Every structure is written in structure tokens, then in C-alpha cells.
Amino acid sequence: MKRTFAPDDALLSSFRVSAPDLVAETPIASVWKVERDNGQHAALKLYRQGSMKNEAPGYAMLNAWGGESAARLIEKNSFAALIEWLDGPSLGDFVREGKDKGASILLVRVACRLHEQPVSDRVKLPSMEDWFQPLLAAKPNPECPSDAAANLARAQALTKALLDTQDDVVALHGDLHHDNIRLGLRGFCAFDAKGVRGERTYELANAFRNPKGASETVRDPARITYLADQWSSIFDVDRARLLGWAAAKCALSIAWRASGEDGLIGTDDEFDLLGSLLNAPGILAV
């Protein structure tokens, strides 16, 4: 069991917060509900090994949005960030309660509001080409089933085609999905941005494979079709490319999970979902 990395007194003092209460842990950070000196609550995200890794650009996005449909960034240093507290529920909670279609509408509305606020090109963000390098470099190992290896190759070809034909390149949240949108005092707000610059269509890609804890819903082919129809219309993006980016993001997540070992991909719990996305009616042909 990994040891929880707790905030020390010096950090709490520098951020002028107290009474830390652990509420979540991620692979690279712990999240604490803390009390500010004005009596309000905030979320303190504390990164292990003193590095925000690929989440660092996301704080530039939160700062640029200034609290418009996104959690406010209150303060940060190189290894911790203090963020507006959102009491919830999350849109992921709605889906797990059987309210998927309502959650999907709320999610795309948040995405639309975020993209009504263009982020300056001066905000430094990784490119989509850099973002997808782990997928493009991935190879199957001998344990990888033949159909999964074939789908990996299909996803790589699809990703190359999408990257080579990107349109409407903008600053993106980069990890917009149901559990990264919660209800707060100002309505539903996004948080935990990754920050990447790429085709606007990509913004909704990761939501196809979320939320966690709703595997049956996420893997329902009718849901994939419904989301593609609804989101491409409301977010005003090409449906075929939206499905393509959804499959590419699913494959990228598989590649990321393999990167901590030998970089070769064997078995993975999402290969079935990748197959469903690649075979979705109307996906970009390659």
C-alpha cells in the first residue's frame, strides 16, 4: 500500500489553510479538503515527488479561464495547488445513478461555455503531436491477443490521420470527463485540466470512456452512437472525427498504462471498449 503524502505545517501556513482532510488519491497526488483563513473550504492538491508532471499545464488553463465554468485556481507552487472547493455531486455521480443522458447534456454545455472563452496562444501547452507519442511508439508484446494487437495498429493509423489533418486548433482542457465536472456555488465547473493544444473536437474524446464505475453503460454501443450524435451537434464538430478522437484517446490511455513497464502492450481492460469505438458506425475512415 502506498504511503499517503500529507501536507506539512509549512505548506499549510504558506497557503494560509488548516484542518486538512484527505478526500482522494491519484497515482501522482493526494487531494485534501482544507479550510482557508476566511472560513471557506478549498481543495489542496499535493503532488508526490515534488512534480506535477503532465498536469502542470492544466493550471495555466484554470488561471486563463478565471473561474468561468471552471474551478478557480487560488494559489500554486511547484508541487501543490490550492483550488476552489466544489461540493458536488459530479456528473460521474449522475451517470452511476442511472442519469447518463442528463449528465451528457450538462457535460457538453460545460464544454461549450469553456470554449466561449478563447485562451491566448501565449499560454504554453504541449501539442497534440507530443501528447500522442506514447501511443504512436507503442508495440504489442507476445501476451497481447491478436485482435487487440490489430485494434492497436488500427488506432495508431487513425491517430496519425487525425493528427495530420487537425483543424480548429485551440487550447483544450485535455481531460474533460464526467468525474472532472462537479457542482459548486457557481454551477457545474470543470477542474483537473491537463492542458493541451489541439483540435477542438478532441475536447470530448475522453468522456466516451467515462465515468469509472459505470462499465456497462460506457460499453453500450447505443450509448456511443447517442453521444456521437448529441455531442457533435451541440458542440458543433464533425461526428466522424469525434468518434475517431474517442478511439484514439482510448488507445492512448492503454499506451499510458503500459509505459510504466517495458512500453509493450499486453492485456488491458479497455481493449474491448477500443474495439467498440473503432467499429462505431460513422467513425472516420482510414
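Reading guide: rules and limits
- Residues numbered from 1 in each chain as written.
- Predicted model: local features only at pLDDT ≥ 70, side-chain atom pairs only at ≥ 80, totals over all residues.
- Heavy atoms only, no water.
- Salt bridge = Lys/Arg side-chain N within 4 Å of Asp/Glu carboxyl O.
- Helix = DSSP H or I, 4+ residues; strand = E, 2+ residues; numbered from the N terminus.
- Buried < 20%, exposed > 50% of the residue type's maximum accessible area, 1.4 Å probe, protein only.
- Pairing = 2+ DSSP bridges.

*Asks:* Can you explain the pattern of salt bridges? Please cite residues and give values.
*Replies:* Taken as a whole and assessed by the stated rule, the structure comprises 18 salt bridges. The shortest N-O distance in the salt bridge between Arg-186 and Glu-84 comes to 2.4 Å. Remark: Glu-84 occurs in strand S5 (residues 80–84) and Arg-186 occurs in the loop between strand S8 (181–184) and strand S9 (187–190); sequence separation between them is 102 residues. Residue Glu-84 is classed as buried on the basis of its relative accessible area, which comes to 16%. Salt bridges linked by common partners bring Lys-45, Glu-55, Asp-175, Asp-192 and Lys-194 together as one network.

*Asks:* So, the pairing of strand S1 (residues 17–25): which residues are in play, and what are the values?
*Replies:* In this sheet, strand S2 (residues 29–36) lies alongside S1 in antiparallel orientation, the contact comprising six bridges. Note that in S2 the partner of Asp-21 across the bridge is Lys-33. As consecutive antiparallel partners, S1 and S2 are separated by three residues.

*Asks:* Any details on helix H2 (residues 56–65)? Residues and values, ideally.
*Replies:* Here H2 has its buried residues at Pro-57, Gly-58, Tyr-59, Met-61, Leu-62 and Trp-65. Following H2 by one or two positions, Gly-66 has its phi on the positive side, about 60 degrees.

*Asks:* I'd like to hear about the environment of Ala-56, residue by residue, with values.
*Replies:* Mapped onto the secondary structure, Ala-56 falls in helix H2. A C-alpha to C-alpha distance of 32 Å links Ala-56 and Ser-233, two positions 177 residues apart in sequence.

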